[in-house]
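Coordinate analysis (summary)
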Amino acid sequence: MDLIVARNRDDLVKARTGGEVALVPTMGALHEGHRSLIRLARARADQVVVSIFVNPLQFGPSEDFSRYPRTFDADLEVCRSEGVSVVFHPSAEDMYHPDRQVSLHSGRMGEIVEGASRPGHFDGVLTVVLKLFNLVQPHVAIFGQKDAQQLALIRRMVADLDVPVEIIGAPTVREPDGMALSSRNRYLSAADRQVALALSRALREGAAEPAPSRIRAAARAVLDAAGPELDVDYLVLVDPATFTEVGETYSGEAVLAVAARVGATRLIDNVILTLNPA
Ligand code: AMP
């Protein structure tokens, strides 16, 4: 069946074929990471809907909304080649009525770590994701572990607001040298990219250590060695469900997460570790 491009709720309703629907929300500029989410979606449902929407609400005034890459034709080809049924590509005007009043607040968890650097970001993310859920009405939705705090907050939203959708987290797809794929990587020069490799290296070296203090120190040493071109925003070792820092005796899964700027490009990455297994 040919790929349908839906612009609004009516188009989405018409495109519904019955059976289970999986939604993969994206901002476009699709890469192998997005493809892996689409493949998971296909394995879980009869119909896959990929949304492509650069959400103005989740960008701060000094962030890269206007220069965010937009490659819609190439994205359609990716979706076609992956067997996607519907691409939902609304306009900002259709998504956000000028009179709108009500939006979501992501709470304390939306104000720490990534949220501390990007005030309002997670409010914008949750608002658009809930709107996408209401428009597409998927049975399952797939999100990347690459945006670990976003994934945790979406799980929180679904639990706190009883949203009838199953959330699936997908592992981060990386380049052979360890660099996490990101739509923003295309901004990096070859020299920037070399500097940016310190993020994934720091996570790897941190993950090889046994205890929180040593994990943090090993990762920090790699970031420090990268020099002044790497402008580190944060390095944290947190509980994956709450994003609060873990203590030395913590046991269970933890997320080692980093954010840094290389030139004008802000990058994030993380790994999941198991601490003090029983
Ligand atoms: P974005 O288009 O950047 O908003 O991302 C759309 C979805 O793809 C989000 O759920 C991301 O977490 C996920 N994603 C982004 N990069 C990767 C990656 N390298 N591997 C797996 N998923 C990713």
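For the structure, check the block above.
Overview of the structure. It should be emphasised that the depicted structure is a prediction, and the values quoted were computed from it without experimental measurement.

**A few points about the packing of aromatic side chains**
Tallied over the entire structure, the rule returns 4 aromatic pairs. Ring centres 6.2 Å apart and planes at 45° place the aromatic pair Phe53 and Tyr96 in the tilted group. Taken together, the residues span a long stretch of sequence, with Phe53 in the loop between strand 3 (47–52) and helix 3 (72–81) and Tyr96 in the loop between helix 4 (92–95) and helix 5 (114–117) at a distance of 43 residues. By the ring-pair criterion, three or more aromatic residues cluster together here, those being Phe59, Phe65 and Tyr68. We note Arg67 situated over the ring of Tyr187; from NZ or CZ to the ring centre the distance is 4.0 Å. One cation-aromatic arrangement involves Arg70 over Phe65; the distance from NZ or CZ to the ring centre is 4.9 Å.

**Considerations on empty space enclosed by the protein**
The tally for this structure, following the rule as stated, stands at 1 cavity of 30 Å³ or more. Computed from the structure, the largest cavity encloses a volume of approximately 50 Å³. Lining the largest cavity, in full, are Leu12, Ala15, Arg16, Val21, Gln47, Val49, Val86 and Val136. Those elements that provide at least two residues to the lining of the largest cavity are helix 1 (9–15) and strand 3. Here the lining of the largest cavity is composed, by residue class, of 6 nonpolar, 1 polar and 1 charged.

**Thoughts on the packing of helix 6 (residues 121–136) against helix 7 (residues 148–160)**
Between two packed helices, both the angle of their axes relative to each other and the distance between the axes serve to describe the pair. In the contact formed by helix 6 and helix 7, the axes pass within 10 Å of each other and the chain directions differ by 55°. Classified by the interaxial angle, the pair formed by helix 6 and helix 7 is oblique. Along this stretch, helix 6 crosses helix 7, giving a crossing that reads as right-handed. Of the residues in helix 7, those in contact with Phe122, Val125, Leu126, Val129, Leu130 and Phe133 of helix 6 are Gln149, Gln150, Leu153, Ile154, Met157 and Val158. The class makeup of the residues in the contact of helix 6 with helix 7 is 10 nonpolar, 2 polar and no charged.

**Examining the environment of Arg42**
For Arg42, the location among the structural elements is in helix 2 (residues 32–44). A relative accessible area of 47% means that Arg42 is categorised as partly exposed. Here the alpha-carbon distance between Arg42 and Tyr234, two residues 192 residues apart in the chain, equals 35 Å. Discounting chain neighbours no more than four positions away, the residues touching Arg42 are Val48, Glu82 and Gly83.

**So, the nonpolar core**
Residues Phe133 and Ile167 are the most contacted members of the largest nonpolar core, which totals 44 residues. Tallying contributions element by element places helix 6 first for this core, with 10 residues. Contacts of Phe133, omitting those with residues within four sequence positions, involve Leu23, Pro138, Ala141, Phe143, Ile154, Met157, Val158, Val163, Val165 and Ile167. In terms of nonpolar packing, the next biggest core, distinct from the first, is built from 27 residues, Ala196, Leu199, Ala202 and Val271 among them.

**Things to note about helix 8 (residues 190–207)**
Taking 1.5 Å of rise per residue, 18 residues should cover 26 Å, and helix 8 covers 26 Å from first to last C-alpha, within 8% of that figure. Among the residues of helix 8, those classed as buried are Val195, Ala196, Leu197, Ala198, Leu199, Ser200, Ala202, Leu203 and Gly206. Buried-residue contacts for helix 8 involve helix 9 (212–225), strand 7 (230–238), strand 8 (252–262) and strand 9 (265–275).

Rules used throughout
- Residues numbered from 1 in each chain as written.
- Predicted model: local features only at pLDDT ≥ 70, side-chain atom pairs only at ≥ 80, totals over all residues.
- Heavy atoms only, no water.
- Phe/Tyr/Trp six-rings, centres within 6.5 Å; stacked < 30°, edge-to-face > 60°.
- Helix = DSSP H or I, 4+ residues; strand = E, 2+ residues; numbered from the N terminus.
- Lys NZ or Arg CZ within 6 Å of the ring centre and 35° of its normal.
- 1 Å grid on protein atoms, 1.4 Å probe; cavity = no way out; pocket = protein on both sides within 12 Å on 5 of 7 lines; lining within 4 Å.
- Points joined across faces, edges and corners; volume = space filled by probe spheres on them.
- Nonpolar A, V, L, I, M, F, W, Y, C, P; charged D, E, K, R; others polar.
- Axes fitted to C-alpha atoms, helices over the stretch in contact; angles between N-to-C directions.
- Parallel < 35°, antiparallel > 145°, perpendicular 65-115°, else oblique.
- Left-handed = near helix turned anticlockwise from the far one by under 90°.
- Contact = heavy atoms within 4.5 Å.
- Buried < 20%, exposed > 50% of the residue type's maximum accessible area, 1.4 Å probe, protein only.
- Core = buried A, V, L, I, M, F, W, Y, C linked by side-chain atoms within 4.5 Å.
- Expected span 1.5 Å × (residues − 1).

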